[in-house]
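If you want the building blocks of each chain, they are given just below.
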Amino acid sequence: MGELVGINPEGAKKLLAAMKKARDALNGDLLGEPLKYGLRVAQSDATAEAQASPKRYGDYAGILDKWIKDLNRRIEIISNIPPAGLGHDGNKVTATIPLTAEARRQAEADAKELADAWKEYLRERNNPMGTRYTAARQRLLDALKKSGAQVHDPEYAEIYLKHLGADTLKDIVDQFTEFGRPDNPYVTGGNYDYFKEYLGGLSMMVATADRAGTLPKDVRDRLLETQPVNLAVFMRLAPHTPQLLADATKRILSHSGSPVGDLALAQIMHALKANPHAMQLVLADPEAVKKLTSSSITLHDKDYFKNLNEALNNATKPGAGDPAALKAAWAGILKASGDEHWRGDLNSHPELARTLAENFKPYLRWAAHEQAKEFGKTYELNIPGLPKDALTLDGVSLDDVKNFIGAVSTDAQARGILLAEAQRLAASGQSRFMITPERLKSGDLEDPAFQAALAQDQAMLALILGGVQRAKLDGDARRAANTEVLKTLVVGYLTMPFKAYGPVVDVATNPLTSKAAKDLVDWIHDKMGDTETDPEEFYEKFTEAYRAEALAYLKEQAAKLPEGERPSEADLKGMANQLVFQFEAQGGRAMLEEFWKDAKK
């Protein structure tokens, strides 16, 4: 027997979310007040006994909870029926599903069958050569296969797991390699399908009950105590909830560095790359971030770092997984970036650095804005806020950001990704658009709004320079990296407020670059690594190029004014000098000289 059900799955999911919100409001305090007020108004004509009260709120929440459970069961079952088994009625899909009471009875019977088979196997396990052992083992395997019958029914899954028992589930998963494949009791690629054939049903039932919020606590707790490798494979067998998969991963990471722990991590990474939200929950812990990149893991899975890179990409790209968990994941990664061992792991696996650099690009504007606010505190500038749609991070410092830039910048390609994005953002800097003919006419370059915009533009330079200084490079590699930064940012960035270059990579080859800027590039190439070159000489060369670019742009803007209103040549030179002074006053000189000291080592 069964019940004919017809629902619109997407509409039903929206209704389910609304019902959960109402239930939580009734169970809450402040959040529940608007709903509770509505109930009081709606019941104003009811008898005193029936009117809304704390007890009534609990009653309503209980009713909603029952409806939620019933609707969720229907959604889960219908969503997992193959298309051939579904009917259609307008915008609804229809199917016959087991009655709740029938599902419960079947779950009890099936769970008892597996539990009895397990007990029989335990009685015969000490005589593996006997015929009774062979029969007991086969009975157990048959019962495990049968456990996959109604795995998408939350009611069935809950009752099955309760009657099977937490200890029995743990023992079966723990010992499967012993009885499931005694001829090859190891977790290998060839063994995975065998695990899925016999443990796939149990894994899916755990996932189904957990999604419905009905997974027995003792079942969850005991499952997480399973030995690491078998736990990892069990979690691969079904699409588990993010929290359970993350908790299982953290349990496995507690064994990292051991052969068992590394093998388990290699296995569970297959599940994490398909579950971005779970990976984000793992990455939120800086200690977990460090353990994920252990180079010894490749002894157990040559494709581990390929899988890790895919999991990192899926979990850190904009819009991935859960919004709050995405922010927490980035916070964990940035906080781990000061660790020398983790930096070494990135250096050994540059594809990870490139993925992280690419996915961090949308946060560079936020990071530069944070740097600008630091400028603002020192120089009393009112830095305007970011656009509402800007991506931001929480709980991290500028020091964390610079550590991250340094960690990924050890790889030339990853460093290039960040430099190109910094240049792109520089080309759209606000201050360039604020140097208008009208501003030149007034001669006001000390306007606080203009000063704040200039500080924001310069903040990107400070951020990237500060980060690249922390890259672990030696000798020629360090000099090459710093030359690249100086060419693309010091020359390119600081002339961009006066000329829209666009996202070019090498300002030295850009036809729009002035002779002064190209001379500075030649000088950098010549002097990089020369320990005798004074940082002040570098700054003087820079200011010469900066002043030339500024003056050329000021003249270009002044030419747009009527002839009688144009500033004189002397006035324009004074304004260019003022821009150079403002850069120095906002920490630019100290920043560049410090970088030059480091760059020429």
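Keep in mind the model is a prediction, meaning the values are calculated, not measured.

Engineer: Provide a residue-level description of the overall build of the chain, including the pertinent values.
Structural biologist: For the chain, the helix and strand inventory stands at 29 helices and three strands. Counting all 601 residues of the chain, 52% fall into the buried class. Across the chain, every contact between residues at least 6 apart in sequence was considered, and the portion connecting residues at least 24 apart equals 76%.

Engineer: Can you tell me about the packing of helix H4 (residues 100-124) against helix H5 (residues 131-146), naming the residues and giving the values?
Structural biologist: With their axes 8 Å apart at the nearest point, H4 and H5 run at an angle of 155° to one another. Between H4 and H5, the angle falls in the class roughly antiparallel. As H4 packs across H5, the resulting crossing turns out to be left-handed. For the pair H4 and H5, the contacting residues are Asp110, Glu113, Leu114, Asp116, Ala117, Trp118, Glu120, Tyr121 and Glu124 in the first and Arg132, Tyr133, Ala136, Arg137, Arg139, Leu140, Ala143, Leu144 and Lys146 in the second. Its residues assigned to classes, the contact of H4 with H5 comprises nine nonpolar, no polar and nine charged.

Engineer: Provide a residue-level description of the nonpolar core, including the pertinent values.
Structural biologist: One finds Leu144, Leu202, Met279, Leu292, Trp330 and Phe360 to be the most contacted residues of the largest nonpolar core, which totals 118 residues. The element best represented in this core is helix H8 (residues 189-212), accounting for 11 residues. Residues in contact with Leu144, not counting those within four places in the same chain, are Leu114, Ile172, Phe176, Phe179, Tyr198, Leu199 and Leu202. Counting residues in each nonpolar core, the second largest holds 13 residues, with Leu440, Leu551, Leu554 and Ala576 among its members.

Engineer: I'd like to hear about the environment of Leu202, residue by residue, with values.
Structural biologist: Inspection of the secondary structure puts Leu202 in helix H8. By relative accessible area, Leu202 is classed as buried at 0%. Discounting chain neighbours no more than four positions away, the residues touching Leu202 are Leu114, Leu144, Ser147, Tyr160, Leu164, Leu169, Ile172 and Phe234.

Engineer: Explain the packing of helix H16 (residues 323-336) against helix H18 (residues 350-360) to me, using residue names and the numbers behind them.
Structural biologist: Contact pair H16 / H18: the axes reach a minimum separation of 13 Å and the direction vectors enclose 130°. Between H16 and H18, the interaxial angle falls into the category oblique. The element H16 and its partner H18 pack so that their crossing is left-handed. In this structure, H16 uses Trp330, Ile333 and Leu334 to contact H18, whose residues at the interface are Leu356, Asn359 and Phe360. The class makeup of the residues in the contact of H16 with H18 is five nonpolar, one polar and no charged.

Engineer: Give a detailed account of the pattern of salt bridges, specifying residues and quantitative values.
Structural biologist: Under the counting rule described, the total for this entry stands at 25 salt bridges. Of the charged contacts in the structure, one is a salt bridge between Arg139 and Glu120, with a shortest N-O distance of 2.4 Å. Highlighted residues: Arg139 in helix H5 and Glu120 in helix H4, separated in sequence by 19 residues. In this structure, a network of salt bridges that share partners links the residues Asp110, Glu113 and Lys146.

Engineer: Please give an account of the packing of aromatic side chains that cites residues and values.
Structural biologist: Here the structure, examined in full by the defined rule, presents 13 aromatic pairs. Ring geometry for Tyr121 versus Tyr133: centroids 5.8 Å apart, planes at 50°, classification tilted. In this pair, Tyr121 is assigned in helix H4 and Tyr133 in helix H5, connecting sequence segments 12 residues apart. There is no split in this pair, since Tyr121 and Tyr133 are both buried. On the numbers, 5.1 Å between centres and 85° between planes, the contact of Tyr304 with Phe305 is edge-to-face. Each member of the pair, Tyr304 as well as Phe305, is classed as buried. Each member of the aromatic cluster is reached from another via a ring pair, and the members are Phe176, Tyr194, Phe195 and Tyr198.

Engineer: Residue-level account of H5, with values.
Structural biologist: In this model H5 runs 23 Å from its N-terminal to its C-terminal C-alpha over 16 residues, within 8% of the 22 Å that 1.5 Å per residue would give. Every buried residue of H5 is listed here: Tyr133, Ala136, Arg137, Leu140, Leu141, Ala143 and Leu144. Within H5, the buried residues cover an arc of 160° as seen down the axis, which keeps them to one side. Relative to its buried face, H5 has exposed residues pointing more than 90 degrees away, namely Thr131 and Arg132.

Engineer: Residues and numbers for helix H6 (residues 154-164), please.
Structural biologist: For H6, the tally of buried residues reaches nine of 11 residues, placing the bulk of the element in the interior. Buried residues of H6: Pro154, Glu155, Tyr156, Ala157, Glu158, Ile159, Tyr160, Leu161 and Leu164, and no others. Taking the backbone nitrogen of Glu155 as reference, a side-chain oxygen 3.0 Å away marks Asp153 as the first, capping residue of H6. Backbone geometry just after H6 places Gly165 at a positive phi near 100°.

Engineer: So what's going on with the confidence of the model for the chain? Which residues, and what values?
Structural biologist: When the pLDDT values of the chain are averaged, the result is 80; 74% of them are 70 or greater. Per-element confidence in the chain is highest for helix H13 (residues 276-283), whose mean pLDDT is 98, and lowest for helix H2 (residues 33-42), whose mean pLDDT is 55. Long-range and interchain partners of residues 500-512, a stretch whose pLDDT sits below 50, account for 28 contacts in this model, where long-range means more than four residues apart.

Engineer: Which residues make up the environment of Arg137, and what values do they have?
Structural biologist: Inspection of the secondary structure puts Arg137 in helix H5. With a relative accessible area of 19%, Arg137 lands in the buried category. It is 5.9 Å that separates the C-alpha atoms of Arg137 and Tyr121, two residues lying 16 residues apart in sequence.

Engineer: Outline the environment of Ser203, listing residues and values.
Structural biologist: With respect to the helices and strands, the residue Ser203 is situated in helix H8. For the pair Ser203 and Phe234, spaced 31 residues apart in sequence, the C-alpha to C-alpha distance is 6.1 Å. Contacts of Ser203, omitting those with residues within four sequence positions, involve Phe234, Leu237, Ala238 and His240. Only 2.7 Å separates the side chain of Ser203 from the backbone oxygen of Phe234, close enough to count as a polar contact.

Engineer: Go over the side chain of Asn307 with me, naming the residues and quoting the values.
Structural biologist: As for its position among the elements, Asn307 is in helix H15 (residues 304-316). Among the polar contacts made by the side chain of Asn307, one reaches the side chain of Lys273 at a distance of 2.9 Å. Filtering out sequence-adjacent residues up to four positions away, Asn307 remains in contact with Met269, His270, Lys273 and Asp301.

Conventions used here
Positions within a chain are numbered from 1, following the residues in the order the chain's sequence is written. In view of the model being predicted, local features appear only for residues whose pLDDT reaches at least 70, and side-chain atom pairs are presented and counted only at 80 or more, with totals across whole chains, interfaces and linings using the full set of residues. Water and hydrogen atoms play no part in the side-chain values, which are based on all heavy atoms of the structure. We count a stretch as a helix when DSSP gives it H or I for four or more residues in a row; a strand needs E for two or more, and each element gets its number in order from the N terminus. Buried, partly exposed and exposed residues are distinguished by accessible area as a fraction of the type maximum, computed with a 1.4 Å probe on protein chains only: under 20%, between the cut-offs, and over 50%, respectively. Contact definition: two residues touch when any of their heavy atoms are within 4.5 Å. Here an axis means a line fitted to C-alpha atoms, over the contact stretch when the element is a helix, while the angle between two N-to-C directions is reported on a 0 to 180 degree scale. Here the word oblique covers every angle except those under 35 degrees (roughly parallel), over 145 (roughly antiparallel) and from 65 to 115 (roughly perpendicular). By definition, any crossing whose near helix is turned counterclockwise from its far helix by less than a right angle is left-handed, and any crossing with a clockwise turn is right-handed. Classification used: nonpolar for Ala, Val, Leu, Ile, Met, Phe, Trp, Tyr, Cys and Pro, charged for Asp, Glu, Lys and Arg, polar for all others including Gly. Among the buried residues, those of types Ala, Val, Leu, Ile, Met, Phe, Trp, Tyr and Cys that are joined through side-chain atoms within 4.5 Å form a nonpolar core. The salt bridge definition used is simple: a Lys or Arg side-chain nitrogen within 4 Å of an Asp or Glu carboxyl oxygen. Ring geometry is summarised as follows: Phe, Tyr and Trp rings, the Trp one being its six-membered ring, pair when their centres sit within 6.5 Å, and such pairs are stacked at plane angles under 30 degrees, edge-to-face over 60 and tilted between the two. An expected span of 1.5 Å times one less than the residue number is assigned to each helix. The arc in question is formed by the directions pointing from the helix axis toward the C-beta atoms. Throughout this description, a polar contact denotes any pair of N or O atoms lying within 3.5 Å of each other; where both atoms belong to protein, one of them has to be capable of donating a hydrogen while the other can accept it, and for residues adjacent in sequence the pair is counted only when both atoms sit in side chains. Scored between 0 and 100, pLDDT is the confidence that the predictor attaches to each residue.

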